[in-house]
Each structure stands twice: as structure tokens, then as C-alpha cells.
Amino acid sequence: MTDAHEATIIDGKAFAANVRAQVAAHVTALKADHGITPGLAVVLVGEDPASQVYVRSKGKQTVEAGMKSVEEKLPADTSQDDLLAVINRLNADDSIHGILVQLPLPDHLDSNLVINTIDPAKDVDGFHISNVGLLGTGQKSMVPCTPLGCLMLLRDHHGSLSGKNAVVLGRSNIVGKPMAQLLLNDSCTVTIAHSRTQNIETIVRAADIVVAAVGRSEMVPGSWIKPGATIIDVGINRIELKDGTKKLVGDVDYKDCLPVAGAITPVPGGVGPMTIACLLANTLTACCRANGIKEPEGLTA
Ligand code: GUN
């Protein structure tokens, strides 16, 4: 018998499987009731191995959800004009409801211009400046997939997030900033901490909710965590152990935080699987909006 406290482990893998099943059920109904199949196009420029793995996985899960999947693979030396032409073609294609351009793009391409050329209604990444503005003003938008996945896990665990002290570690456009907006829209008191933040330990120790998205392996120790706090670990860092084997770890020292936290997401099997599940959910949402069909509940912010 041990009376040592251990945090609830938030099972993102199971939660993501449930989201995918909900999406698949809605897709079946869309086909049967309206004769519509949601379509997702993923654009990959170049041969970055990690991006290739992600894109393959996205395509596979899109098909498994009953959706149409289109992959546009372009050579690394594709010109800006040629890439914009592909996006404009997909914008005009009524069978495509979601467009995702895999980042990072090769250096000669202007990522902001590329993203802002996507039709905002098809911007399932939620990176277009219009969607960023809509989210920032609390209006209906497309929401970036990883923060949306974190929000779903937090709402499921807590019910209401109203009044909670939330600290977001990291200020990226993909995770940190949209995550802070979503938490603010759910009435949290939000602090964004980053590499230049002073007294970061004190700030984190005041948090009921910590979302770590900095990309630094195991940087948050248990001593920073308020007892009972919920930790959402977005980090996916590949480290090499002393014996030469490789291992995936988060931005949080999982073992160290487990006895202190109230709930925690593991790495792998926490936030990771939620990202593609939310991409499918966003594609379904975009398809419903494009066709004037009521969008499914519980799959958007
Ligand atoms: N590269 C790493 N994460 C992402 C993401 O969420 N969306 C896109 N488009 N590219 C990425």
C-alpha cells in the first residue's frame, strides 16, 4: 500500500480515437443525408523526412475518417508563383474543404504570403491572418489544431475553465499564442511565459493549468508545479539516452511532476494524437460551414 499521490494521466490517444470516431460518424451522415464528402488537401514542398511522415499520417487518417484526401507534393525548388497557383487551384475546387500547407517551407518561399493566400474558410490550420483576428476577437474562426486539441482535453477534465490561472509556456504562432487566446475566451486568467520571462518558476507555481509548448526537453521540474495543477505537455523532443537509445520526451519532466500534479498528459500518447484528430474535425467543420449545414457540437472551440 502506498498513499503517495499520483496525478491522473490524461489519455490523449484514447480521446483522439474518440474524436476521430465522432468525425467519421458525421462524415457518414453527411454522405447519406446530403451526398457530400469532405475533402482535405495537404501541400508538401520538398522532402523533409519528418514532414513526409506527418503528411503520410494525415492522409491515412483522412481516408479512415471517410474523407477525400489529396496530397500535393512539390519539389523543394518550387517557385513562389507555382506554389500560389496550386493554392489558388485548391481554393477554387469545390470538392476541397480544407487546405493545409505543411510547415516549415523552404527558405526561398514567403510562408506568410503562402498562408494568407489560402481561402480563410478552407484554412484548417487556422493560421490565416483573418482566422487569427477572428479568434483574437472571440468570433467564430478556424482554430489551430494543436491548441484546439489541448482545449478539448482541458474542458473534458475540468468542465468549466472559468477563473482558472493558466500559464502558457511558449509564444509561437502555431501553439502558444492561439492557446492563450482560447484559454482567455474560456475565461481563464492567462499568462504567456517565454525564454525572456523573469521569475518563471514563481509564475508557473501560481498556475492551475500549465500548457508547455517550448520545444525544450524536460525543462519543467516538479518543483515548479502547484500541487494539484493540470499539466498539458505539447513538447515532442527526441533525446538520446546514455546507452545510445533514443526516446521521446515532452517539455515537462513527467516522472518528477507526476507526484505533484493533479493531472498530466504523457509523451507520447497525450497531445500528439489530438493534432491530426482536430485537423479532421476542422475539415468537417469547414465542409459543414461551406454547405450551410449545422456544424457538429463538441468538435470546435
Ligand atoms: N508543422 C508543424 N506543425 C504544423 C501544423 O500544425 N501545421 C502545419 N501546416 N505545419 C506544421
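Attention here is on the structure that accompanies the text.

This brings us to the overall build of the protein chain. For the protein chain, the helix and strand inventory stands at 10 helices and 11 strands. Taking 301 residues into account, the globule formula puts the C-alpha radius of gyration at 19 Å, and the protein chain, at 20 Å, falls close to it. Considering only C-alpha atoms, the protein chain reaches an extent of 60 × 45 × 35 Å along its principal axes. A burial count over the protein chain gives 47% of its 301 residues as buried. A separation of at least 24 residues holds for 69% of the contacts in the protein chain among residues at least 6 apart in sequence. Roughly 14100 Å² of accessible area belongs to the protein chain as shown, and the carbon and sulfur atoms make up 51% of that amount. Each charge class in the protein chain can be summarised by its mean position, and for the 26 positive and 32 negative side chains these summaries are 2 Å apart.

Read from one edge of the open sheet, 3 strands run 3-2-4, paired in parallel fashion. The sheet is open, and its two edges are formed by strand 3 (68-74) and strand 4 (98-101), each paired on a single side. Strand-to-strand twist in this sheet, taken as the mean axis angle between neighbours without regard to direction, amounts to 15°. Pairing analysis gives 7 bridges linking strand 2 (residues 39-45) to strand 3, with the strands arranged parallel. When the bridges of strand 3 are listed, Leu 44 appears paired with Lys 73. On the sheet, helix 3 (residues 80-91) packs against strand 2, strand 3 and strand 4 and is oriented at approximately 165° with respect to strand 3.

Moving on: the site of the ligand. Looking at the ligand, the residues that line it are Leu 100, Val 101, Gln 102, Leu 103, Asp 125 and Phe 127. Val 101 has a polar backbone atom sitting 2.8 Å from a nitrogen atom of the ligand. Leu 103 has a polar backbone atom sitting 2.9 Å from a nitrogen atom of the ligand. For the ligand, whose free accessible area comes to 280 Å², the fraction covered by protein is 78%. Here the shell around the ligand is composed, by residue class, of 4 nonpolar, 1 polar and 1 charged.

Attention now goes to the packing of helix 2 (residues 49-64) against helix 10 (residues 272-290). Contact geometry for helix 2 and helix 10: axes closest at 10 Å, N-to-C directions at 50°. Comparing their axes, helix 10 and helix 2 come out oblique. The chirality of how helix 2 crosses helix 10 is right-handed. For the pair helix 2 and helix 10, the contacting residues are Tyr 54, Ser 57, Lys 58, Gln 61 and Thr 62 in the first and Ile 276, Leu 279 and Leu 280 in the second. When its residues are assigned to classes, the contact of helix 2 with helix 10 shows 4 nonpolar, 3 polar and 1 charged.

With that out of the way, let us pick up helix 6 (residues 145-158). Side chains of residues three or four places apart in an α-helix project in the same direction, reflecting 3.6 residues per turn. For helix 6, spanning 14 residues, the distance from its first C-alpha to its last is 20 Å, which sits close to the expected 20 Å at 1.5 Å a residue. Within helix 6, 10 of the 14 residues are buried, which leaves the element mostly enclosed by the surrounding structure. Among the residues of helix 6, those classed as buried are Cys 145, Thr 146, Pro 147, Leu 148, Gly 149, Cys 150, Leu 151, Met 152, Leu 153 and Leu 154. For helix 6, the secondary structure elements touched by its buried residues are helix 1 (12-34), helix 7 (176-185), strand 7 (209-212), strand 8 (230-233) and helix 10. Directly beyond the C-terminal end of helix 6, a positive phi value near 75° is found at Gly 159.

Attention shifts here to the environment of Pro 144. Within the element layout of this structure, Pro 144 appears in the loop between helix 5 (129-136) and helix 6. Distance from Pro 144 to Cys 288, taken between C-alpha atoms, is 18 Å for residues 144 residues apart in sequence.

Our next topic: the pairing of strand 6 (residues 189-193). As paired elements, strand 5 (residues 165-169) and strand 6 share 5 bridges and run parallel to each other. Each bridged residue has a counterpart across the sheet, and for Leu 169 the counterpart in strand 6 is Ala 193. For the crossover from strand 5 across helix 7 to strand 6, the handedness is right-handed.

Our focus in this paragraph is the environment of Val 210. Along the chain, Val 210 falls in strand 7. Taking the relative accessible area as the measure of exposure, Val 210 reaches 1% and is therefore buried. Separated by 44 residues in the primary sequence, Val 210 and Ala 166 have C-alpha atoms spaced 5.9 Å apart. The contacts of Val 210, once residues within four sequence positions are left out, are Val 167, Leu 169, Val 204, Ile 225, Thr 230, Ile 231 and Ile 232.

Turning our eyes to something else, we now look at the pairing of strand 4. Of the two faces of strand 4, the one holding Gly 98 and Leu 100 and the one holding Ile 99 and Val 101 are both buried throughout. Inspection of the sheet shows strand 2 paired to strand 4 by 4 bridges, in the parallel sense. Looking at the pairing, Ala 41 lines up with Ile 99 of strand 4.

Criteria and cut-off values
Residues numbered from 1 in each chain as written. Predicted model: local features only at pLDDT ≥ 70, side-chain atom pairs only at ≥ 80, totals over all residues. Heavy atoms only, no water. Helix = DSSP H or I, 4+ residues; strand = E, 2+ residues; numbered from the N terminus. Rg over C-alpha atoms; globule rule 2.2 N^0.38 Å. Buried < 20%, exposed > 50% of the residue type's maximum accessible area, 1.4 Å probe, protein only. Contact = heavy atoms within 4.5 Å. Areas by Shrake-Rupley, 256 points an atom, 1.4 Å probe, with all protein chains shown as cover. Lys, Arg positive; Asp, Glu negative; His and termini not counted. Charge placed at Lys NZ, Arg CZ, Asp CG, Glu CD. Pairing = 2+ DSSP bridges. Axes fitted to C-alpha atoms, helices over the stretch in contact; angles between N-to-C directions. Near = heavy atom within 4 Å. Polar contact = N/O pair within 3.5 Å; in protein donor to acceptor, adjacent residues only side chain to side chain. Nonpolar A, V, L, I, M, F, W, Y, C, P; charged D, E, K, R; others polar. Parallel < 35°, antiparallel > 145°, perpendicular 65-115°, else oblique. Left-handed = near helix turned anticlockwise from the far one by under 90°. Expected span 1.5 Å × (residues − 1). Right-handed = clockwise from strand over helix to strand, strands pointing away.

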